[in-house]
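Structural overview
These are the residues of each chain, in order.
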Amino acid sequence: MNYLKNILVTGGAGFIGSHVIRLLVKKYPDYRIVNFDALTYAGNLSNLSDIEKMNNYVFVHGNILEADHISAVFNDYDITDIIHLAAESHVDRSITDPLAFLKTNIIGTVNLMQAARKAWEKDYSKHMFYHVSTDEVYGSLGPEGYFYEDTAYDPQSPYSASKASSDHFVRAYANTYGLQTKISNCSNNYGPNQFPEKLIPLMLNNIRHSKNLPVYGDGTNIRDWLFVIDHASAIDVIFHKGRVNETYNIGGNNELQNIALVHILCDLMDQKMGKPQGSSRELITFVKDRPGHDHRYAIDNTKLTTELGWSPSVTVVEGMKKTIDWYWDNEEWLSDITSGSYMDYYKRQYSLN
Ligand code: NAD
Ligand code: DAU
């Protein structure tokens with residue numbers, strides 16, 4: 001079959017990537033979606049078990065640090081477009097192992113664009129390199145203000161510095177070589193299939209098993225939360241309708257202090273487990289702060305909502321309830337990944353024996 005597009009999605013076995021792949025494979029039967037993923041600790045093919053047999057889906061086990069393999073995939077599948085999500089994504093890990101972030105997030109991104117140049121340089125106008133990035137590149141906000149698309153970059157962690165650098169490389173390739181690009185910078189995602197090193201799934205798992213809930217510092221840091229399925233729909237809209245070589249901020253206008261969010265999770269889980277209101281809150285433990293902990297992130301999403309007509313499909317409470325239900329019903333998914341290497345990481349991060 002001749003496909004209208006052959007889209008290489010990197011990092012498709014991860015949290016956000018798996019939701020992007022599901023959306024594209026189902027919505028666009030005339031596109032072939034090639035999932036290129038190294039299956040690091042964060043990659044899990046079971047995230048895609050419901051669509052893995054669909055004709056327009058292919059999985060390739062590969063690492064974006066291996067340039068020759070990327071070129072071979074371009075040839076094998078006649079890749080027309082890239083949606084690039086593969087990354088090392090956890091801030092705490094970037095503090096203990098910054099080089100891994102430099103390699104995957106910067107060199108890996110450049111490797112992909114080198115392969116794209118080679119394959120597409122005869123006519124860049126038919127091809128798109130879409131880079132999925134983060135709001136953390138803009139740094140940390142005080143109590144007022146928002147991140148806009150033209151806010152100056154000011155990354156504060158090794159993770160955000162590596163993502164900022166990759167964004168700069170993407171713009172440099174557009175400017176220097178004529179590669180057609182798009183970049184989106186999104187706020188904190190939550191939802192099904194998120195690896196339980198991140199705040200929400202970690203808290204849900206610990207509440208269920210009556211373990212301590214480690215809140216960094218005094219819990220007053222603020223994040224702007226977006227349901228992962230809404231991030232996937234924004235990527236779809238930007239990929240298809242966004243202007244070439246533009247940046248779009250993605251966020252759901254859901255700012256919450258960490259401690260307020262943890263209280264919401266505790267109370268919803270108490271209802272779910274039939275426990276007296278307030279019982280799970282007793283598990284909250286304030287622990288040593290993350291070094292260089294960004295205080296507040298908040299996205300102004302006006303460009304995306306007004307120019308492209310995107311809006312989130314759920315409120316934060318609806319999204320949290322859906323997330324809680326998913327983790328509750330998928331205990332096996334969680335126990336499969338909380339064994340082995342993840343437990344070693346968990347013990348190191350929280351100084352447990
Ligand atoms: P994740 O950690 O859940 O998944 C990352 C995926 O990339 C995994 O499947 C992993 O196997 C794969 N991968 C890692 N290194 C690779 C390599 N060298 N070669 C090929 N594959 C590799 O991450 P996520 O939370 O789904 O984030 C996806 C993207 O979205 C990242 O670029 C991240 O920076 C960005 N982002 C994430 C959030 C968030 O809240 N999670 C918000 C904004 C932007
Ligand atoms: O803003 C987008 C970013 O959001 C993405 O680019 C990153 O890939 C993603 O991991 C996320 O980064 P954060 O550092 O904000 O997410 P995390 O879930 O690690 O932490 C959310 C907040 O909760 C943060 O203020 C730190 C705090 N926290 C986190 C953990 C894991 C705790 O208080 N306790 C914890 O155990």
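Here the structure is shown first, and the text comes after it.
Definitions and cut-offs
- Residues numbered from 1 in each chain as written.
- Chains lettered and ligands numbered in written order.
- Predicted model: local features only at pLDDT ≥ 70, side-chain atom pairs only at ≥ 80, totals over all residues.
- Heavy atoms only, no water.
- 1 Å grid on protein atoms, 1.4 Å probe; cavity = no way out; pocket = protein on both sides within 12 Å on 5 of 7 lines; lining within 4 Å.
- Points joined across faces, edges and corners; volume = space filled by probe spheres on them.
- Helix = DSSP H or I, 4+ residues; strand = E, 2+ residues; numbered from the N terminus.
- Nonpolar A, V, L, I, M, F, W, Y, C, P; charged D, E, K, R; others polar.
- Near = heavy atom within 4 Å.
- Areas by Shrake-Rupley, 256 points an atom, 1.4 Å probe, with all protein chains shown as cover.
- Buried < 20%, exposed > 50% of the residue type's maximum accessible area, 1.4 Å probe, protein only.
- Pairing = 2+ DSSP bridges.
- Patch = residues over 30% accessible without salt bridge, like charges linked within 9 Å, V, L, I, M, F, W, Y side chains within 5 Å.
- Salt bridge = Lys/Arg side-chain N within 4 Å of Asp/Glu carboxyl O.
- Contact = heavy atoms within 4.5 Å.
- Core = buried A, V, L, I, M, F, W, Y, C linked by side-chain atoms within 4.5 Å.
- Axes fitted to C-alpha atoms, helices over the stretch in contact; angles between N-to-C directions.
- Polar contact = N/O pair within 3.5 Å; in protein donor to acceptor, adjacent residues only side chain to side chain.

1. Focus on empty space enclosed by the protein
Inspection of the entire model under this criterion finds three cavities of 30 Å³ or more. By volume, the largest cavity is sized at about 60 Å³. Taken together, Leu-204, Asn-205, Arg-208, Met-269, Ile-324, Tyr-327, Trp-328, Glu-331 and Leu-334 form the lining of the largest cavity. For the lining of the largest cavity, the elements supplying multiple residues, two or more each, are helix H6 (199–208), helix H10 (316–329) and helix H11 (331–337). Residues of the lining of the largest cavity, tallied by class, amount to six nonpolar, one polar and two charged.

2. Focus: the site of ligand 1
Every one of the 29 residues lining ligand 1 counts as a neighbour, but Ile-16, Asp-37, Ser-89, Tyr-159 and Lys-163 are closest to it. Protein chains bury 96% of the 850 Å² of accessible surface belonging to ligand 1 in isolation. Taken together, the elements giving at least two residues each to the shell around ligand 1 come down to helix H1 (15–27), strand S5 (128–134), helix H5 (158–177) and strand S7 (188–190). In terms of residue count, the dominant contributor to the shell around ligand 1 is S5 (three residues).

3. Some remarks on the pairing of strand S9 (residues 222–227)
Of all the six residues making up S9, six are buried; the element is thus mostly covered by neighbouring parts of the structure. Both faces of S9 are covered, namely the face carrying Ile-222, Asp-224 and Leu-226 and the face carrying Arg-223, Trp-225 and Phe-227. Looking at chain direction, S7 and S9 are connected through three bridges and run parallel. Residue pairing in the sheet places Asn-189 in a bridge with Leu-226 of S9. Across three bridges, the pairing between S9 and strand S11 (residues 255–257) is antiparallel. Each bridged residue has a counterpart across the sheet, and for Arg-223 the counterpart in S11 is Leu-256.

4. Brief notes about unusual backbone geometry
One non-glycine residue, Leu-39, adopts positive backbone phi at about 55°. Within the secondary structure layout, Leu-39 lies in the loop between strand S2 (31–37) and strand S3 (57–61). The exposure class of Leu-39 is partly exposed, given its relative accessible area of 30%. Positive phi values are uncommon outside glycine, yet Asn-245 reaches one of about 60°. Among the structural elements, Asn-245 can be located in the loop between helix H7 (228–241) and strand S10 (246–250).

5. A few points about a nonpolar patch on the surface
Judged by side-chain polarity, Leu-65, Leu-99, Leu-102 and Ile-107 come together as a nonpolar surface patch covering roughly 330 Å² of accessible area. Tracing the chain through its elements places Leu-99 in helix H4 (residues 98–120).

6. Things to note about the environment of Pro-201
Structurally, the position occupied by Pro-201 is in helix H6. Look at Pro-201 and you get buried, because its relative accessible area is 0%. Between the C-alpha atom of Pro-201 and that of Val-9, which follows or precedes it by 192 residues, the distance is 24 Å. When near neighbours in sequence (up to four residues on either side) are disregarded, Pro-201 contacts Gln-194, Phe-195, Pro-196 and Tyr-327.

7. What about the nonpolar core?
Counting residues in hydrophobic clusters, the biggest one holds 35 residues, and the most contacted among them are Ile-200, Leu-213, Leu-265 and Met-320. At the level of elements, H6, strand S8 (213–216), S9, helix H8 (258–273), H10, H11 and helix H12 (341–349) are the ones that each hand at least two residues to this core. For this core, the element with the most residues is H8, which contributes seven residues. Discounting residues that sit within four places of it in the chain, Ile-200 has contacts with Tyr-190, Trp-225, Leu-261, Leu-265, Met-320 and Thr-323. The next biggest cluster of nonpolar side chains, apart from the first, holds 34 residues, and it includes Leu-24, Tyr-28, Leu-48 and Leu-304.

8. Details of the sheet that holds S7
If you walk across this open sheet you meet the three strands as S7-S9-S11, and the pairing is mixed. Bordering the open sheet on either side are S7 and S11, each of which pairs with just one other strand. With direction set aside, neighbouring strand axes in the sheet form an average angle of 50°. Against the sheet, H7 touches S7 and S9, its axis set at about 70° to S9.

9. Focus: the side chain of Asp-294
Its place among the elements puts Asp-294 in the loop between strand S12 (284–287) and helix H9 (302–308). Here Asp-294 is in contact with Glu-136, Gly-139, Ser-140, Gln-156, Asn-221 and Arg-223, once residues within four sequence places are set aside.

10. Thoughts on the site of ligand 2
With respect to spatial proximity, 23 residues lie near ligand 2, and among them Asp-135, Tyr-159, Arg-290, His-293 and Tyr-350 are the closest. A distance of 2.7 Å separates an oxygen atom of ligand 2 from a polar backbone atom of Ser-89. Contact between ligand 2 and Asn-188: an oxygen atom at 2.7 Å from a side-chain N or O atom of the residue. When ligand 2 sits alone it has 690 Å² of accessible area, and the protein chains cover 95% of it.

11. Side note on the sheet that holds S10
A sheet is described by the order of its strands in space; here seven strands give the open sequence S3-S2-S1-S4-S5-S6-S10, paired in parallel fashion. Because the sheet does not close on itself, it has two edges, and the strands there are S3 and S10. Direction aside, neighbouring strands of the sheet carry axes that sit 20° apart on average. Inspection of the sheet shows strand S1 (residues 5–10) paired to strand S4 (residues 81–84) by four bridges, in the parallel sense. Residue pairing in the sheet places Thr-10 in a bridge with His-84 of S4.

As far as function goes, none of this settles anything; it's purely spatial.
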